[in-house]
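These are the residues of each chain, in order.
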Amino acid sequence: MILTIDSQAGSRAIMRTIVVLIIVSGFVMSPVSAETEGIDRIEHDGTSTIANQLQSSIASTGQSSESQALSVERTTVDQITITLDADVVGEDGLISGPQNVSLMTNHGIGWGDLSLNGEPENGKYQWNESVKILDERRIGENSLTNATVKIEDTELSDTVHLHTIEQASINSWIQNGQLYIPVDTVGVTNPDEVDPLLATKNNEDLEADFVDSHTVEINLNKFRDATDSSGSGTGAPVSNNFETDGVPVGSTDPIVPQIRFYHGQMVFWHPAIESETEYTITVHDIGRSNEELSTDEVSLDSGVAPLPNADRVAGAENVTLSVRQAGSDALLFGHRNINTDSEPESFNATLIDDQTIQGERSIERLNVSSIIVEPELNYISKTNTEVDGNELTLSDTSLESENTIRMATDAGIVNVKLSQSATTGSLNSIPIIPVIIGVSGIVLFVIGIFIGSKRPVKLDIIEKSFISVLIVFILSVLIISQVRPASVPGDFLRHHLPMSVVLVLPVLGYFTGSTLFHREQAQYKQSGTQTQTHTVQQQVNITDGAQPIKQRAKITARKTGDANSTSRTSVITGGSGSISLPTGKWTISAKIENEQISSETVQRSVYQGDRGPPIELTVNLPEISITVQDSTRDFRVPDAKIQLESDQEKTTKRSGEDGRVTFDSKLGQKTVGVTVSHEKYEKTTNEYQVTDNGLSETVTLKPQTGKLRVVSQIDGVETENIDAKITPEEPILKGIYGEQKSIKKAGQEGEYAEGDILIGQYRVGLELSDRLETLFKTTEKRVTVSEHGETVVAEASFDWHLSESHHDRIRRLREEIQGVTAKSGIDTAIQRYYASVINQVLDEIEQFPKQGHYFVRVDSHPDEVTDATLEAVANAVETISEAMSTKRNLDLFTACSDMVDANTQWQGTFDMETFANRLQAGPVAARRTFAEQVDDVSARIDSERGSLSEIAPAQEMLERIEISDSGKRINNIASIHLAILLLSAVEELFEHRELRERLSRTVF
């Protein structure tokens, strides 16, 4: 209903209406608290029941046979498939097509633009849509289990599981024979109604139960039976899916062996570890060391076994180990490389007070044994903690939102990141009765002002009687509130006293409106200016767009469209004032005194008795623009702090992404001081003149730089020819250098030097080629570069091992060379001397997995290098066998059979560095070296002929040492390298006294 009032009779009618409403409201609202409970009961018991019946009726009506034309199925964790019968699309169908339709959940979220323009296949339209749009932020506390989805503006609907259960980032843990997996859910409001299943490798369903909204539990024995613990170490279901009613709703990560800090010590953790069982754990590598340690100890608990040399393991970045049950030859886990340097997982918590936090998941279930509060590193034992569900209370400490809490738990080390509690009130906490009384008072006061503005204060008999009764009522309430007799109930004082104040508000509003709006007319009438009877006092505000203009300003108003009309003026100060304007259309502007500055003009229509909103005049002051520029590069500096200082005040802002910031100049401002600072640059201060057009300046900042020195290492050995990768961590550094800055090696011994790099935080690692990425594991380190410079070691580890076939061939070659030396009835000192060359080469091949720093510069894969070297060794064994089996040599060895046995070994080395250089340089230079070595050995043999009785052990070897000129390049180089080693052994033969004695023996 709309009421229009423009006469005294109308005013009286409304006033009398308010009188009746106020009297009735005074007696109806007073017992509201006593009757509220009954009203609530009627609403809940009556209205709610009727609504439920209506809803049921509507729902049943909507489930027609046509609704089966829509099918929605969860086909994967991240996808639903929507199928719609083409029969319901068309002029006579439920959907007029072709068009785009939208599928919505009962929470108003869904999938739009499902096109019907194409041709249906087999009489059906089908779409595959992502479930990812149903995130926690949009769903909130709404359930998506068996969610109803509906095509918008139709009755076509279906139900489908749209909730999600995903494994959280926190480690799983074991307690009381149960495996606990932390999860994050979307659309699961009541976990008791959801029965998740975990798919196994045997396609069987593994039951998982929610123990709270963020944790599911699985029987540990069933998990062991259904998962892979055969030595592969995955220990996780093959499908890795959570399911509800056979529908995939989430996934889990594989549960792999871990090294954890478990309540005071470093341990090996995996569900396959059984309680009270003795295990043999062998650590093969700790970090860069190659020592092997082993221990036989009983498990600490289910899933937990002690480690050998746990202190060393705790300080390493990665560890290689194997696990088996004590006394068993079968490995449970074989040669697993485990990273121990990862940052602990974390979850968020709210700071309730300075000693209590409330986590987003259960803290009690994690079984906290000790706590460290960072960055102060305060240690807190379990006796000084109190845990209740999600809440944790710490004694003898004071927490702030900047703190991080590190907890030692059954899940290992867990970080808790704190945030300040946001205190918000619920709707139930709002005091309903005071709100109703307050709102009623405000509304009645405004109505009183409105009525008073339409007529002067002139009361009739009804209004006078009402005011009299009201005064008596208020006085009575005030007296009772002071005396407070026992017979007066507390509700009277609690409700009637505020009501008495509310009832007087419309009267006060009436007098206020009448006084304000009719005082101006009375003043004009007294001055005798009858033509200004309908003049209205207009409020005027002058600002610079944000702040009031404090200087004196002259307001000028002219009749719009009438150039000959007399203007009206008014002078105001402080940014606010008024001007008297008769009814009509006016153009208003302002001019600042003593300044050549005027405001924008505003047009306003003035009506009789209506002041309207204030007239807002804006003065556009000249703009001050500052751009911050890097002095050494074409880069505008964002987030720089710019302080503008004048005689009047200081103003501080920060530059935007374009390095620019603007200020509004102040009236009378002639000069300004500009101070620019940034944590990455040197601070600068300048003074500038402000003209009538403002100010536009570019301020250059000198960057603060430091020198970054990077040392590259492979398995602890400084290595050349590897690029270093420097990744900026801070946004401003990324803006300057991009997402990644790579530098080449400079200098020797794996050192890099990057001078004049902007101070700040970076991540440094090694940049390996595509060929090497699969052979090496790299780690990145965070480094803060200061003006004094910084040195960081960038590391990589060689992640290649000899294959079983390699080990088998090495074993066979050792047996073959052993067969050459295992002769009876003859002396074998010379044979064993040549065999020592072969054994030393095989020893070096077994060390290839620890020579990663050489394989960085070799173009061939380590498998190819190993195969080629073993092939060359096999040829060398054959050469030695043939040379040592000639008749002349056998006659010599028989003649020496009575000599004292000698175990003379070759003194040379395989020389991996030389081998790597030859692989890198190619076969040409190696052949040249081989030819020179052949000449040297021939000359030495010739020189020894006159002093020795027999030189066949050297001559026969020289004649049979050959190199390969065909086949693969790498095979040729390996063949040449082995041939050079054998030539070295032939020449060295004459250097050993025991062997020369045998060459001096006369053969008959």
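That block above? That's the structure.
Residues numbered from 1 in each chain as written. Predicted model: local features only at pLDDT ≥ 70, side-chain atom pairs only at ≥ 80, totals over all residues. Heavy atoms only, no water.

## Re the packing of aromatic side chains
Next, step 1: Applying the stated criterion to the full structure yields 10 aromatic pairs.
Next, step 2: Between W800 and F855, the ring centres sit 6.2 Å apart and the planes meet at 40°, which makes this aromatic pair tilted. With W800 in the loop between β54 (790–798) and α11 (804–821) and F855 in helix α13 (residues 852–855), the pair connects residues that are 55 residues apart, well separated along the chain.
Next, step 3: On the accessibility criterion, W800 (6% relative accessible area) is buried.
Next, step 4: With a centroid separation of 5.4 Å and an interplanar angle of 55°, the aromatic rings of Y833 and Y834 are classed as tilted.
Next, step 5: By relative accessible area, which is 0% here, Y834 ends up buried.
Next, step 6: In this structure an aromatic cluster arises from ring pairing among F776, F798, W800, F848, F855, F910 and F915.
Next, step 7: For the cation-ring pair, R260 lies above W269, with the distance from its terminal atom to the ring centre recorded as 3.7 Å.
Next, step 8: Over the ring of F663 we find K653, and its NZ or CZ is 5.2 Å from the ring centre. (Phe/Tyr/Trp six-rings, centres within 6.5 Å; stacked < 30°, edge-to-face > 60°. Helix = DSSP H or I, 4+ residues; strand = E, 2+ residues; numbered from the N terminus. Buried < 20%, exposed > 50% of the residue type's maximum accessible area, 1.4 Å probe, protein only. Lys NZ or Arg CZ within 6 Å of the ring centre and 35° of its normal.)

## Overview of the side chain of T886
Next, step 1: Within the secondary structure, T886 is located in the loop between α14 (862–883) and α15 (887–895).
Next, step 2: Look at T886 and you get buried, because its relative accessible area is 12%.
Next, step 3: A polar side-chain atom of T886 sits 3.5 Å from the main-chain carbonyl oxygen of A883.
Next, step 4: What T886 contacts, discounting residues up to four positions off in sequence, is E956 and R960. (Polar contact = N/O pair within 3.5 Å; in protein donor to acceptor, adjacent residues only side chain to side chain. Contact = heavy atoms within 4.5 Å.)

## Examining the sheet that holds strand β21 (residues 304–306)
Next, step 1: The strand order across the open sheet built from three strands is β17-β18-β21, with neighbouring strands paired in antiparallel fashion. The sheet is open, and its two edges are formed by β17 (258–262) and β21, each paired on a single side. Strand-to-strand twist across the sheet, computed as the mean angle between neighbouring axes with direction ignored, equals 45°.
Next, step 2: Sheet topology note: the strand β18 (residues 265–269)/β21 ladder contains three bridges and is antiparallel. Residue V267 lies in a different strand from β21, and its bridge partner there is P306. (Pairing = 2+ DSSP bridges. Axes fitted to C-alpha atoms, helices over the stretch in contact; angles between N-to-C directions.)

## Regarding a nonpolar patch on the surface
Next, step 1: On the surface, V439, V443 and I447 cluster together to form a nonpolar patch covering roughly 220 Å² of accessible area.
Next, step 2: Along the chain, V443 falls in helix α6 (residues 432–454).
Next, step 3: Residue classification places V443 among the partly exposed residues on the basis of a relative accessible area of 41%. (Patch = residues over 30% accessible without salt bridge, like charges linked within 9 Å, V, L, I, M, F, W, Y side chains within 5 Å. Areas by Shrake-Rupley, 256 points an atom, 1.4 Å probe, with all protein chains shown as cover. Salt bridge = Lys/Arg side-chain N within 4 Å of Asp/Glu carboxyl O.)

## Description of unusual backbone geometry
Next, step 1: With a phi angle near 50°, N146 is a residue other than glycine that sits in the positive phi range.
Next, step 2: Mapped onto the fold, N146 is located in the loop between α3 (136–139) and β6 (147–151).
Next, step 3: Assessed through its relative accessible area of 47%, N146 is described here as partly exposed.
Next, step 4: We note that E276 has phi near 50°; this positive angle belongs to a residue other than glycine.
Next, step 5: Given the relative accessible area of 75%, E276 is considered exposed.

## Things to note about the sheet that holds strand β36 (residues 584–592)
Next, step 1: A sheet is described by the order of its strands in space; here four strands give the open sequence β34-β33-β36-β37, paired in antiparallel fashion. A strand with exactly one partner marks an edge of an open sheet, and here the two such strands are β34 (568–572) and β37 (602–606). Going across the sheet, the axis of each strand differs from the next one's by a mean of 30°, ignoring polarity.
Next, step 2: Note that strand β33 (residues 553–559) and β34 share five bridges and pair antiparallel. When the sheet's bridge partners are listed, A557 is paired in β34 with R568.

## So, helix α17 (residues 923–944)
Every α-helix winds through 3.6 residues per turn, so residues three or four apart in the chain are directed the same way.
Next, step 1: Taking 1.5 Å per residue, 22 residues should reach 32 Å; α17 reaches 31 Å between its end C-alpha atoms and fits that length.
Next, step 2: Taken residue by residue, α17 has P923, A926, F930, Q933, V937, I941 and E944 as its buried positions. An end-on view of α17 places all buried positions within 80° of arc, on one side of the element. Exposed residues pointing more than 90 degrees away from the buried face of α17 are listed as V924, D935 and S943. (Expected span 1.5 Å × (residues − 1). Arc of directions from axis to C-beta.)

## Quick look at the pattern of salt bridges
Next, step 1: For the structure on display, the rule yields 32 salt bridges.
Next, step 2: Salt-bridge contacts for E767 lead to K725; the nearest nitrogen and oxygen are separated by 3.9 Å. Of this pair, E767 sits in strand β51 (residues 760–767) while K725 sits in strand β48 (residues 723–728), and the two are 42 residues apart along the sequence.
Next, step 3: Here K725 falls in the buried class, since its relative accessible area comes to 16%.
Next, step 4: Here the salt bridges do not stand alone but share partners, grouping K725, E729, R763, E767, E780 and R782 into one network.

## Structural notes on helix α12 (residues 829–846)
Next, step 1: Look at α12: 26 Å from first C-alpha to last across 18 residues, which is about the 26 Å you get at 1.5 Å a residue.
Next, step 2: Judged by how many residues are buried, α12 sits mostly within the fold: 13 of 18 residues are covered.

## Some thoughts on the packing of α11 against α14
Any two packed helices are characterised by the angle at which their axes cross and by the distance between the axes.
Next, step 1: In contact at an axis separation of 10 Å, α11 and α14 are set at 15° when each is read in the N-to-C sense. Judged by the angle between their axes, α11 and α14 are roughly parallel. Regarding α11 and α14, the two cross each other, and that crossing is left-handed. The residues of α14 that touch α11, namely those facing H806, R809, I810, L813, E816, I817 and V820, are D863, T866, D867, L870, E871, V873, A874, V877, I880 and S881.
Next, step 2: Class assignment for the residues of the contact of α11 with α14 results in nine nonpolar, three polar and five charged. (Parallel < 35°, antiparallel > 145°, perpendicular 65-115°, else oblique. Left-handed = near helix turned anticlockwise from the far one by under 90°. Nonpolar A, V, L, I, M, F, W, Y, C, P; charged D, E, K, R; others polar.)

## Details of the packing of α15 against helix α18 (residues 952–960)
Next, step 1: Look at α15 against α18: their axes get within 9 Å of each other, and the N-to-C directions meet at 150°. Taken together, α15 and α18 sit at an angle that is classed as roughly antiparallel. In this structure, the crossing between α15 and α18 has a hand that is left-handed. Here α15 contributes R888, N889, L892 and F893 to the contact with α18, which in turn contributes A952, P953 and E956.
Next, step 2: Broken down by class, the residue content of the contact of α15 with α18 amounts to four nonpolar, one polar and two charged.

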